[in-house]
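Structural description and commentary
Residue strings, one per chain:
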Amino acid sequence: MAAQTAILSGEQEALDIIRNNGILQIVNKELSPDGFSRPTVLAGTSAGSATFPGPLIQGNKGDTFNIDVVDSLTDTTMNRTTSIHWHGLFQEHTNWADGPSFVTQCPIAPGNSFLYRFAVPDQAGTYWYHSHLGVQYCDGLRGPFVVYDPHDPQAYMYDVDDENTVITLADWYHPKAFQVLAHGAAVSNATLINGQGRYPGGPDASLAVVNVQAGKRYRFRLISMSCDPNYLFSIDGHNLTVIESDGVSTTPVTVNQIQIYAAQRYSFVLTANQPVGNYWIRASPNTQLAGTPANDSFANGVNSAILRYNGAPNADPVTIAPSSSGVIGITESLIHPLQNPGAPGSPYPGGAHVINMTLGFNAGAFTINNYSFVSPSVPVLLQILSGTQQAQNLLPEGSVFGLQKNEVYEININGGTAPGGPHPFHLHGHNFDVIKSFDSSEYNFKNPVRRDTTPVAAGETTTIRFVTDNPGPWFLHCHIDFHLATGLAVVMAEDVPDVKSNNPVPLDFDSQPFRNTSVLISTIFQTFYGLYGLLLHFIL
């Protein structure tokens, strides 16, 4: 095991780091990151070190990772089973290690462990990991994952890129996640930046501090670990030069505000060129926190952290955000891949195999093409490994799309009547080119943004393209976790005949001690409890 602890500057706590190989202990623990104590589900390199966010997992392009996830959960009022998804990593030849429960594996049962072993041969960038069972990650099981490129073509743009330049954003709830799900529309209590924050009307809890030295250039890796809201992120007095989106290097574009949706990531370069002092780091959610004062979403340091220059006093900033007229924001139309730009297929709408999807909402459940995703009793991968070779025979019925191998697919996702958007849609196993963004009527085939998560808005169409060169069942779903839990997902069954030969499973995969019926019963109970709450919310 290669694990260590880094001591972060300012008021932040020590950060666990796993380099390539290590143990993730999944435990229940009382935590009060915003001054309000609540039971949580957390990850750590040991039970005692578990906190939020979980350990930073690091490695280099070309490395192999061995992460042994140990389920030590004991709280019977929450899910005691778990599974982990490594968000944004392609899992080439290791579909079994992708992590979504009931798609590629059964959840890990309490008292058991599961070794996720996977290579990252051709990716570098900013990623993260999280529970992929029900709404469990909203109770705390989420952490950063960075794959460095020793030959980064943009290394000349920055001086510092390490564990101290990772910035995580997360919504935090005082009720348990299944209670939030049952309520209907999610309203978070606090925004946590690097695991710290305050809630309206709460105590003056410590805020995260990010230290910089005047004159240096920093590559900050911004990760939205959100369960629901998107954020407007900015740092008072500083420009942000974006050079990566979702693990893909981009041509540089300079802004002073980044709108980031659930599960998205950006790298930006910040030059510490302002007078020595303290500056507010701001992350304003699109849905205001519970109890937010009128017209002041940053009162008393709420939705905030601190950028502190070396030599500045240990004090809250007094800086002011730019006026709305001074905001320079990021849109997908401004983001272009640095390397190998251009969408696959022919350069016109419909110039590939086309699949049309329309989102909806019916009787308390989200739908895609009128089907709500309900987890099957046998994971889709195990159905395939057991001999099912036709996508139309895979369960759940209506929620599995078969894709031929080595073809270009164009997926049109229309937001339809689904409430609660924009919906950030994430495809496992691939990046995709967004040839039409949700906020534009224009198509771009020459150099569209390439990423793994993109928004879909009500009544509007988002169009993506990708090549089916990675056999396996891959989840495509809304990354607002409460929407996923109530049906907003499908499975893309890619090159089913070659799944078994391309994804050799561990010898004991079929007999892993994580398979039991209580897992399914627990998940079904929480899902229908959430559906009932959503139905009441939208009726009343």
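Every chain begins its residue count from 1, and numbering advances along the sequence as written. Reporting in this predicted model follows two pLDDT cut-offs: at least 70 for local features of residues, and 80 or more for side-chain atom pairs to be given and counted; totals over whole chains, interfaces and linings ignore these cut-offs and use all residues. Processing note: side-chain calculations cover all non-hydrogen atoms of the structure and skip hydrogens and water entirely.

**Thoughts on the overall build of the protein**
The condition is simple: The helix and strand labels rest on DSSP assignments: H or I over at least four residues marks a helix, E over at least two residues marks a strand, and numbering proceeds from the N terminus. Within these notes, the globule rule equals 2.2 Å times the number of residues to the 0.38 power, and the radius of gyration is based on C-alpha atoms. For every residue, the accessible area (1.4 Å probe, protein chains only) is compared with the maximum for its type, and the residue is labelled buried under 20%, exposed over 50%, or partly exposed between those bounds. Residue exposure ignores everything except the shown protein chains as possible cover, and the areas themselves are Shrake-Rupley values with a 1.4 Å probe. Positive charges come from Lys and Arg, negative ones from Asp and Glu, while His and the chain ends are left out of the count. Every charge is mapped onto a representative atom, which is NZ of Lys, CZ of Arg, CG of Asp or CD of Glu.
Looking only at helices and strands, the protein features five helices and 32 strands. Over its C-alpha atoms the protein spans a radius of gyration of 22 Å, differing by no more than 12% from the 24 Å that the globule rule assigns to 540 residues. Each principal axis of the C-alpha distribution contributes one length, and for the protein these read about 65 × 55 × 50 Å. Buried residues in the protein amount to 61% of all 540 residues. As presented, the protein carries roughly 19100 Å² of accessible surface, and 51% of it is formed by carbon and sulfur atoms. Computed over 24 positive and 43 negative side-chain charges, the inter-centroid distance for the protein is 3 Å.

**Observations regarding the packing of aromatic side chains**
The criterion, for reference: Pairing of aromatic side chains here covers Phe, Tyr and the six-membered ring of Trp, requires ring centres within 6.5 Å, and sorts the geometry by plane angle: under 30 degrees stacked, over 60 edge-to-face, intermediate tilted.
Under the criterion given, the structure shown has 21 aromatic pairs. Measuring from centroid to centroid gives 5.8 Å for phenylalanine 65 and phenylalanine 118, while their planes differ by 20°, and the two rings are stacked. Of this pair, phenylalanine 65 sits in strand β6 (residues 64-71) while phenylalanine 118 is found in strand β8 (residues 113-119), placing the two residues 53 residues apart along the sequence. On the basis of relative accessibility, which here comes to 0%, the residue phenylalanine 65 falls in the buried class. An angle of 90° between the planes, with centres 6.0 Å apart, marks the rings of tryptophan 96 and phenylalanine 114 as edge-to-face. Within this pair, whereas tryptophan 96 is found in the loop between β7 (84-87) and β8, its partner phenylalanine 114 is found in strand β8, the two being separated by 18 residues in sequence.

**Some remarks on the state of the cysteines**
Selection criterion: Here, two cysteine sulfur atoms that lie within 2.5 Å of each other are counted as a disulfide.
This model, assessed by the stated rule, comprises one disulfide. At a sulfur-sulfur separation of 2.2 Å, the disulfide partner of cysteine 138 is cysteine 227. Torsion about the S-S bond of the cysteine 138 and cysteine 227 cystine: about -120°, corresponding to left-handed handedness. Of this pair, cysteine 138 sits in the loop between β9 (125-131) and β10 (142-148) while cysteine 227 is found in the loop between β14 (217-224) and β15 (231-235), placing the two residues 89 residues apart along the sequence. We note that cysteine 478 lacks a disulfide partner, and the nearest cysteine sulfur, in cysteine 227, lies 11 Å from it. Look at cysteine 478 and you get buried, because its relative accessible area is 0%.

**Regarding the UniProt feature "domain: Plastocyanin-like" (unreviewed entry) in the protein**
Basically, it comes down to this: UniProt positions are given in the numbering used here, feature names are shortened, and annotations may be inferred rather than shown by experiment.
Annotation from UniProt places "domain: Plastocyanin-like" (unreviewed entry) at residues 51-151, 163-312 and 374-495. Between the C-alpha atoms that bound residues 51-151 there is a distance of 33 Å. The span itself is 0% helix and 38% strand.

**Looking at the pairing of β8**
For clarity, the threshold we go by: What makes two strands pair is DSSP finding at least two bridges between them.
Only one face of β8 is buried, namely the one carrying Phe114, Tyr116 and Phe118, since none of Ser113, Leu115, Arg117 and Ala119 on the opposite face is buried. As paired strands, β6 and β8 are joined by seven bridges and run antiparallel to one another. What sits directly across from threonine 64, in β8, is alanine 119.

**Quick notes on the domain arrangement of the protein**
The condition that has to hold: Residue ranges for the domains trace back to a domain assignment, done automatically or taken from a database. Contacts: residue pairs with any heavy atoms within 4.5 Å of one another. Note: buried area is the sum, over both parts, of the accessible area (probe 1.4 Å) each one loses when the two are combined.
Along its sequence, the protein is carved into domain 1 (15-151), domain 2 (153-330) and domain 3 (353-505). In this structure, domain 1 and domain 3 have C-alpha centres spaced 23 Å apart. Each partner contributes residues to the interface: domain 1 has 25 residues there, and domain 3 has 31 residues. For the pair domain 1 and domain 3, the summed buried area comes to about 2100 Å², and 60% of that belongs to carbon and sulfur atoms.

**Side note on the side chain of aspartate 161**
Using the following cut-off: Any N or O atom pair separated by 3.5 Å or less is treated as a polar contact, with the protein-specific requirement of one donor-capable and one acceptor-capable atom, and with residues adjacent in sequence counted only for side-chain atom pairs.
Here aspartate 161 lies in the loop between β10 and β11 (166-172). The class of aspartate 161 is buried, set by a relative accessible area of 19%. Within polar-contact distance, the side chain of aspartate 161 engages the side chain of arginine 221 at 2.9 Å. Aside from chain neighbours lying at most four places away, what touches aspartate 161 is Tyr148, Arg219 and Arg221.

**Thoughts on the pattern of salt bridges**
For clarity, the threshold we go by: The term salt bridge refers to a side-chain nitrogen of Lys or Arg lying within 4 Å of a carboxyl oxygen of Asp or Glu.
Evaluation of the coordinates by the stated rule reveals 16 salt bridges. Two residues, aspartate 171 and arginine 142, come together in a salt bridge whose shortest N-O distance is 3.3 Å. Placement of aspartate 171 in strand β11 and of arginine 142 in strand β10 is noted, with a sequence separation of 29 residues between them. The same class applies to aspartate 171 and to arginine 142, which are both buried. In the salt-bridge network here, residues are joined through shared partners; they are Asp152, Asp161, Arg219, Arg221 and Glu244.

**As for the layout of surface pockets**
Where we set the bar: Grid points spaced at 1 Å and placed over the protein atoms alone form the basis of the search, with a cavity being a set where a 1.4 Å probe fits but cannot get out and a pocket an open set showing protein on both sides within 12 Å along at least five of seven lines. Lining residues have an atom within 4 Å of a point. Grid points are joined across faces, edges and corners, and a volume is the space filled by probe spheres set on the points. Note that Gly is not counted as nonpolar here; it falls among the polar residues with everything else outside the nonpolar set of Ala, Val, Leu, Ile, Met, Phe, Trp, Tyr, Cys and Pro and the charged set of Asp, Glu, Lys and Arg.
Computed from the structure, the largest pocket encloses a volume of approximately 890 Å³. What lines the largest pocket is a set of 38 residues, among which Phe90, Asp122, Gly247, Val248 and Asn431 lie closest to the centre. When contributions to the lining of the largest pocket are tallied by element, the ones reaching two or more residues are β9, β10, β14, β17 (248-255), β27 (432-436) and β30 (461-467). Residue contributions to the lining of the largest pocket peak at three residues, all from β30. Classifying every residue of the lining of the largest pocket by side-chain character gives 14 nonpolar, 11 polar and 13 charged.

**A closer look at the environment of alanine 50**
When you line up the elements, alanine 50 lands in the loop between β4 (38-44) and β5 (56-60). A C-alpha to C-alpha distance of 7.4 Å links alanine 50 and glutamine 25, two positions 25 residues apart in sequence. When neighbours within four sequence positions are excluded, alanine 50 is seen to be in contact with Val27, Lys29, Leu42, Ala43 and Gly44.

**Description of the environment of phenylalanine 466**
With respect to the helices and strands, the residue phenylalanine 466 is situated in strand β30. Along the backbone, phenylalanine 466 and serine 323 are 143 residues apart, and their C-alpha atoms lie at a distance of 39 Å. Discounting chain neighbours no more than four positions away, the residues touching phenylalanine 466 are Pro344, Leu403, Glu407, Val408, Tyr409, Ile411, Leu427, His430, Asn431 and Phe432.

**Concerning the sheet that holds β30**
Pairing is mixed across the open sheet formed by six strands, whose spatial order is β23-β22-β25-β30-β27-β28. With one partner strand each, in any of the chains shown, β23 (365-368) and β28 (450-451) form the two edges of the open sheet. Sheet topology places strand β22 (residues 353-362) next to strand β25 (residues 408-414); six bridges connect them, and they run parallel. By the bridge assignment for β25, threonine 358 is matched with asparagine 414.

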